[in-house]
Every structure is written in structure tokens, then in C-alpha cells.
Amino acid sequence: MARKKKMSTGKKVGITALAAVIVIGGVAGYATLGKKSTTSNVLNEYLPVDMTTQDLSLMTDQYAFEVAANVQQGLLSRTSSGAPKAGLAKSWSHSKDGLTWTFHLRKGLKWSNGDALTAEDFVYAWQRTVNPKTASQYAYIYSGIKNADAINSGKDKDLSSLGIKAKNKTTLVVTLEHPMPQFQNLMAFPVFFAQDKKFESSLGSKVGTSSSKQVYDGPYKFVGWNGSNKKFKLVPNKNYWDAKAVKNKGVNFQVVTDTTAALALYNKGELDQVTLSTPQQIKKYKNSKNFKIYNQSQTDYLEYNQTGKVKGLTNAKIREALNLATDRKTIANSVSEGLDSAATGITPAGLAKTATGGDFAKAVAKKTAYAYNIKKAKKLFAEGMKEAGLKKLTLTIEGSSDSTVTKSTLDTLQQSWSELPGLTVKEKLVPFKQRLLDQENHNFDVVLAAWSADYSEPLTFLNMFVTGGSNNDGSWSNKEYDALIKSASDKNALSDTKRTADEIKAEKVLYQNAGVNPVFWVNAATLSNSKVKGVQYFSSGASYYFWNAYKK
């Protein structure tokens, strides 16, 4: 997932839900690998950016979710193929109309501090997340659960009206407003996990700001993170209901922002896997048997500030001209030695199928025509500038400074966009955290953002751009688009044919109005320690499950 499961535009294998899964059995290391390795059954991983939070209601980025998915567990978990399976709930069922779901929790569940975990912990967690006072940027994903939208918008002040009830300590009943095809998958996504009200009540805004200010119900506990340090651990949680299933003694994490340093640590045996983050690294290792490519279900895209703060960007012709002046193929080739793909829509290839079994992104490409055409771009830009009453326009493109691909992407954009008459293009590089904050506050002209899937359905991308959506940072608004997304999410939710038709039309409307600018779809190139077996990788949702992994 993109803050909000917003992705760093860097190249660490991403988080995102509940689609195809690849079990990483490991690939052979280089000759240097193993010189400093030990036989201890502890995994060694890294994050390319600083950890942000372990508040389940407030986390929004892929790395926070990666940790959360291993130290917490939802009502449901995932099989190695990505299908839902029993988690904290041992069984579940639903009514014939798909609107009422009943979950039966395992008996004797406990938090890592010994507190009893009951059905009420899920009720508390869900109510806290949709409560507008919490300001969760992921509250939108509750849409479809009874009264979630009304509560989050402030129209309904009664949190208890949310469609989740605890019949007793081990039985939960969830009521939906309409069928949700992705509902079971969402139950394994951290935003829907339980929270310990007894523990959190005295912490207020400090929940999850360090590893000690959270409790855990998953295979591991999170330890050693004070909110800003660079090294921390996952250690087995003895109170986890299936503690015997954990096949290793924990996971060591360190923050390594320099990609050259990360590769060096891998080659010294101090990391068990590394993502190749520069074209040079990919070129060097792409013919090695250690080299693996994984689909990240991620789109890197540009959002335009259409709040009115930047007058020119409210003009559709100016936005369309910028889209036409974007050389996607050159950018994709420059950032990944051709492993990434020029985007033909906001929904990436390989994420979802149409009703007839084809790739959704390929079906969309027949209706959209994102292309590089500088001649047409110049003409449209001149027309748009005249309509907006502008003779000159300066735009600043913002991106993450701690990403290896941002600078080259912005450089290419600056070069081609500067050919538009009267346009001056500037670059602004800020840390990942600052970029997310600027997006949230609409404090940008144009921003290079990234999003990866929360679940394996196009709506995980398309929902972002509805009017007033919490992820609609550019504040684009279109009534036809909103109606199509509502239809796909409600009336046509259970009809694959009709829902797909709505979603393809929505992609077309997004393209025709230059609502956003999809730039490239992301793949990840990795090297892995062949001694590590059983790490599960998911191309959507939280990216890794570690507890079934072990070192030979």
C-alpha cells in the first residue's frame, strides 16, 4: 500500500493487499556472502527510510505496515497464495446477501503484556479509526461498513452505530451497507486489526510513537525502537496464540538509507536480502542467478494541486499538456534499466483481472492514450495559459530526497516540461516524511507520489481520487468519476462484468480530464540469501510475513 500506504518512490519491495504472493526461497549469494554471517536463526532486514509509527489507526506507509503485519494479526491472515485464512478468528461466515459477517475468535487470546484480547478490542479499534477526531488517513477504506462514512464525515456522532458489534467476548458481527468483494482480504490488513483500549487509554497521542508504547498480538513483539533510532528488532511473542509456528528467533532491522551501503551490507552477510535501487546496480547483477524480479503493484504518479493555490493547474488543458510532455518510457528506462514500465493507467499491470480473465491494465490501455507528444503539448499549453489569463507560470515538482529514482525522474520532467512556452520548472527534494506531510496539507505545486495496492482490485487505486477523498491530495473533482466509483463499489459490487466496466470508464474519465499523471509501474529487483527459506512476499497489502522463515 502508498503515506496511506503511500510509498516511498525508492526501491524496497513494497507493501500492498492481498493478491499474488511469491514465497522467497532465497537465491544464491555472492562469494563474499557469509564471511560474517552466523548460524543463528535470526533474519537480518532493513528499511530504506525511518520508521514512522506503530499506531494502527495512523500508519500510512509501507514500512510501518511491514512491521505491523508481523507484530499484530487480524481476524484473518493470508496463505502463501494470498488467499484469506483463519487468524485471530478461528472461523467466520456471512449471510446470503453478503451484508452480515460473523467472526468467532479463538479462546484465550492475549496481548503481549498479558491483557486479555476480546471482541471488544476490535470494536474499539474500528471506532477509533473512523472517528474523525483520530484523523486517520485510512478511514476511507472502511467505506461500505455500516455508517462508517457518516461517522467519519461527522454527520453521525454516535460511534456505536458503526457496523461492528461484540455479541460476547469471542463473537463479532459486522454489518455492511452493500456487498464488498474485497472484505475478506481487508480483514488481514493492519488498519482493521484490534487495539488494546486498556493499554492505549492513558497514552493519548503517544500510542505507537515507540515500540514500548504499543502492545502486540501477532507472532512477534516490536522492541528497541525509541521513535527515531536506526536499529530495532522483532522478537517472538510468547503470548501469540500459535507461538510454536514461529520458525526463527526474530528479525533484526536497521535503517539504511544509502543504497550502496545496503548492497555492501548484504555482500558482507549482514543483510539477508537487498533491493537493487539504482540502474547501475541492476545492470551489474541482472544476469546473476541471485537476481529476482517482483511485481510491486505500485504506480509512481504526479499529482497536480487543484485547490486553487496554483491558478494554472485548475485548467484542464494545462494539466493535459503536462501529461503529454511527460516522457514515461525514458523515465522508466532511466530509473530501472528497463525493469519498470511506462504507465498506461493508474492501475498497474498484473494487479487485477477483468471479468473475462484478461489483465485489467491492458483493457484500460485501449481507452486511454497516455503518450509523449511535445508538439501537441505545446499547443494545448498555450491554449490553457490563454484561458487562465497567464503569460508565465512557474511550477515546482516535489519528490523524496531519500529515493534513488526521484532526481532522475524530476530531471527528465524538468527538461521536457521546460519546452512548454512560458513555463519555468523547478525541483524540490525533501525527506520522505516531509513529502507525505506536504501532500496531506496540499503544500505543493506538483508532487511525485507513489501508491501500492491494499488489495488485488482496481478500486484500491481508483478510490483515491473521489471528491474529498483522504488520498486525493490534488483535490481533483469530477461528478462522473464519483458516480462510476460509487456504482462499482455499491450497485455493481458483486457483478464482475459490470464492476469492471465501471472501473474502466473511471480510468478513462481520469485520463480525459488529466486528473493525475501516471508515470511508471514499479517492479523490484532483489538479491537474497540462499540460506533463508520461507519468507512470504505479497505484491499487495503488507509486503512480508517473516514468521515461517528460517535459516538452513
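Throughout what follows, the structure given in this document is the object of discussion. What you are looking at is a predicted structure, and each value in this text was computed from that prediction instead of being measured.

## Quick look at the layout of surface pockets
Taken as a whole, the largest pocket spans an internal volume of roughly 930 Å³. Along the walls of the largest pocket sit 39 residues, with Tyr 140, Ser 143, Asp 149, Asn 463 and Val 466 positioned nearest its centre. Contributions of two or more residues to the lining of the largest pocket are made by helix H3 (148-153) and helix H15 (479-489). For the lining of the largest pocket, the per-class residue count stands at 17 nonpolar, 14 polar and eight charged.

## Brief notes about the packing of aromatic side chains
Counted by the stated rule, this structure contains 25 aromatic pairs. A network of ring pairs unites the aromatic residues Phe 222, Trp 225, Phe 232, Phe 253, Tyr 294, Tyr 537, Tyr 544 and Phe 546 as a single cluster. Positioned above the aromatic ring of Trp 241, the side-chain terminus of Arg 106 is 3.5 Å from the ring centre.

## Examining the packing of H15 against helix H16 (residues 496-512)
Axis angle and axis distance: for two packed helices, these are the angle between their axes and the distance between the axes, and together they describe the pair. H16 packs onto H15 with a crossing angle of 160° between their chain directions and a minimal axis gap of 9 Å. As summarised for this structure, H15 and H16 are arranged roughly antiparallel, according to the angle between their axes. Crossing of H15 over H16 shows left-handed handedness. When H15 is examined against H16, the residues Glu 480, Tyr 481, Leu 484, Ile 485, Ser 487 and Ala 488 are found in contact with a partner set consisting of Arg 499, Asp 502, Glu 503, Lys 505, Ala 506, Val 509 and Leu 510. Taken together, the residues of the contact of H15 with H16 sort by class into seven nonpolar, one polar and five charged.

## Side note on the sheet that holds strand S8 (residues 171-175)
Strand pairing within a sheet occurs via backbone hydrogen bonds; the two strands may be parallel or antiparallel. The strand order across the open sheet formed by four strands is S5-S6-S8-S7, and the pairing between neighbours is antiparallel. Looking at which strands have only one partner, the edges of the open sheet turn out to be strand S5 (89-94) and strand S7 (164-168). Direction aside, the axes of adjacent strands within the sheet are offset by 20° on average. Bridging between strand S6 (residues 100-105) and S8 involves five bridges; their strand directions are antiparallel. Pairing of His 104 across the sheet is with Thr 171, part of S8. Against the sheet, helix H2 (residues 119-130) contacts S6, S7 and S8, and its axis sits at roughly 165° relative to S7.

Conventions we followed
Residues numbered from 1 in each chain as written. Predicted model: local features only at pLDDT ≥ 70, side-chain atom pairs only at ≥ 80, totals over all residues. Heavy atoms only, no water. 1 Å grid on protein atoms, 1.4 Å probe; cavity = no way out; pocket = protein on both sides within 12 Å on 5 of 7 lines; lining within 4 Å. Points joined across faces, edges and corners; volume = space filled by probe spheres on them. Helix = DSSP H or I, 4+ residues; strand = E, 2+ residues; numbered from the N terminus. Nonpolar A, V, L, I, M, F, W, Y, C, P; charged D, E, K, R; others polar. Phe/Tyr/Trp six-rings, centres within 6.5 Å; stacked < 30°, edge-to-face > 60°. Lys NZ or Arg CZ within 6 Å of the ring centre and 35° of its normal. Axes fitted to C-alpha atoms, helices over the stretch in contact; angles between N-to-C directions. Parallel < 35°, antiparallel > 145°, perpendicular 65-115°, else oblique. Left-handed = near helix turned anticlockwise from the far one by under 90°. Contact = heavy atoms within 4.5 Å. Pairing = 2+ DSSP bridges.

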